[in-house]
Amino acid sequence: MQGWKAPTAGPVAVVAALGCSELLSGLIEPVPSLVLGVAGLFIDETPGGLVRWSIETFGAGQKTLLVVGIIAVCVPSGALLGLAQRRRPPLGIVGFAALGTFGAWASTRDSLTNDAYALLTAGASTAVGVGVLTVLTRTRALGMSSGVDGSAVDTIHHSGQIGAHERRRFLAAAGAIAVLGAASGEIGRMLRSKRSIELSRDRLAATLGTALRAGVPAEVVTFDSEVAGLSTLVTPNDDFYRIDTRILVPQVNPDDWTLRITGMVEREVTLSFDDLVAMERITEYVTLQCVSNEVGGDLVGTALWSGIPLTELLDLAIPHPRASQIVGRSVDGWTAGFPTDVVTDGRPCMVALTMNGEPLPVKHGFPARLVVPGLYGYVSATKWLTEIELTTWEAFDGYWIPRGWAKEGTIRTQSRIDVPRRGTKVKAGRWPVAGVAWAPGRAIRRVEVRVDDGPWHEAELSGSLSVNTWVQWLWTWDATPGTHRLQVRATDGTGETQTAEVAPPAPSGATGLHTVTVDVR
Ligand SMILES: Nc1nc2c(c(=O)[nH]1)N[C@H]1C(S)=C(S)[C@@H](COP(=O)(O)O)O[C@H]1N2
Ligand SMILES: [Mo]
């Protein structure tokens, strides 16, 4: 009895369909593959609490995990389709087509996809899968012939030789299809990254980047050379954390892009990318943090941003005096809103065009994003920005607000120990304890360190890039043998010390003191 063939045929058919859809999605813009379509559906539709949990648990890796998870569920589930197809043809095929239809529907839900292409590629991929399932579960391929009543009758086992031959044929076909499917998937993935808007971004480098120095100005004192493993004052773009709801990064061509200023304004304004480039730019170091960052976490970074001051842009549109909220809208419909007050209180809010002297990296919002010093990203830092809408505070809630996050998003004062790392084993003696501390908008006045709940010791502070950025801090520890707990706390420019009270990231940012345990011998 060749009972293993049907449950093998199913997963192979799934691999073929998924691989085909990755390949087509790599070839055709802008179409998500079946897997990415379903992943997008998950991100949009899971209840706020679950998304929050997954961000907190998996951090930035959650999307890879989601994609791997979907594949890990779909491929083995194919076995059930194979079995259904053998027991009750064409039940397996009908089931397969139904799942394909679900995937097709999921991949049209993204506002950035071309629905017709998405349906076409999903349909073609499903057809490939159905075809493979049909061929591999054909009675001959299964080594069976159907009785008149449709039940499978084993006709092969009496001849071991034919059986072995059939088995080899089946395995060769199934194996070849599986390899082809996986290879198509990988090629599709590569094509997708190649086809990206990266090229037009490169062309803008000369226009946008020339006047800028990236990196830390020479006159700013840092502890980089004294302490290995300490975060640098400026975070290189490639190391900068990334958080957004996208599986496929929006590929925005600046030539087709506009920024509109709408809502409670005297006149609506539409600006092209060239219009923005022609305007006066400001350049500011700003620390950006995600509200999901755990105490001691790495969803925080500092960059040199340059762009058009938000005040200048608003002046073009002349906001209504009663407008109390500024909503940034992304090309994919994502939104974030913050009070109009933060623009008028003097902090350098901007529509940023560059990050560390380069055009914005695609995953950080190319061609334009909002940067609002002092506010968490989820209420302010709209990437792939296309509209700034003026409204009232009450009239609109940004993307994350109904999902359980606070409407006000002022970044809390925080400090982190970078060195030594948790669980490090060191020899007794003098060791640097160092890290970063930030309170964007308020600056850092003091950082203190303590060992095992002992007295607080004031750490030395690095130079500062601006009141809106983090600083490095350094304290030298005379380590004695034993297991020790190191703790840090920061005091901001208003004299307020960060709270030791432990709170999770939701709804308005984690609190508590970063604590690192070290073994000293
Ligand atoms: N369009 C869009 N912009 C977005 C988001 C998003 O999901 N979509 N996420 C925000 C959040 S929660 C954060 S913390 C910052 C992160 O910016 P980065 O990825 O450049 O570090 O972007 C913000 N801008
Ligand atoms: Mo965030």
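In this text the structure is predicted, and so the values were computed from the model without any measurement.

The rules behind each value
Residues numbered from 1 in each chain as written. Chains lettered and ligands numbered in written order. Predicted model: local features only at pLDDT ≥ 70, side-chain atom pairs only at ≥ 80, totals over all residues. Heavy atoms only, no water. 1 Å grid on protein atoms, 1.4 Å probe; cavity = no way out; pocket = protein on both sides within 12 Å on 5 of 7 lines; lining within 4 Å. Points joined across faces, edges and corners; volume = space filled by probe spheres on them. Nonpolar A, V, L, I, M, F, W, Y, C, P; charged D, E, K, R; others polar. Near = heavy atom within 4 Å. Polar contact = N/O pair within 3.5 Å; in protein donor to acceptor, adjacent residues only side chain to side chain. Areas by Shrake-Rupley, 256 points an atom, 1.4 Å probe, with all protein chains shown as cover. Helix = DSSP H or I, 4+ residues; strand = E, 2+ residues; numbered from the N terminus.

(A) Here's a closer look at empty space enclosed by the protein. Under the counting rule described, the total for this entry stands at 1 cavity of 30 Å³ or more. Approximately 320 Å³ is the volume found for the largest cavity. As for the largest cavity, its lining consists of 25 residues, and the residues nearest its centre are Ile243, Asp244, Trp334, Gly377 and Tyr378. Of the residues assigned to the lining of the largest cavity, the class counts are 13 nonpolar, 6 polar and 6 charged.

(B) Up close: the site of ligand 1. Around ligand 1 lies a shell of 18 residues, among which Tyr241, Thr245, His364, Arg369 and Lys383 are the nearest. Separating an oxygen atom of ligand 1 from a side-chain N or O atom of Trp334 is a distance of 3.3 Å. Lys383 is positioned such that a nitrogen or oxygen atom in its side chain is 2.5 Å from an oxygen atom of ligand 1. Across the complex, the protein chains shield 99% of the 530 Å² of accessible surface that ligand 1 would expose by itself. In the shell around ligand 1, the residues fall into 9 nonpolar, 5 polar and 4 charged.

(C) Broad picture of unusual backbone geometry. For the peptide bond that leads from Val419 to Pro420, omega is -5°, which places it in the cis range. By the element assignment, Pro420 lies in the loop between strand E13 (414–419) and strand E14 (425–426). Here the bond from Ala506 into Pro507 is cis, since omega is 5°, no more than 30 degrees from zero. Along the chain, the position of Pro507 falls in the loop between strand E20 (482–492) and strand E21 (515–520).

Treat this as a map of the structure, not an account of what it does.
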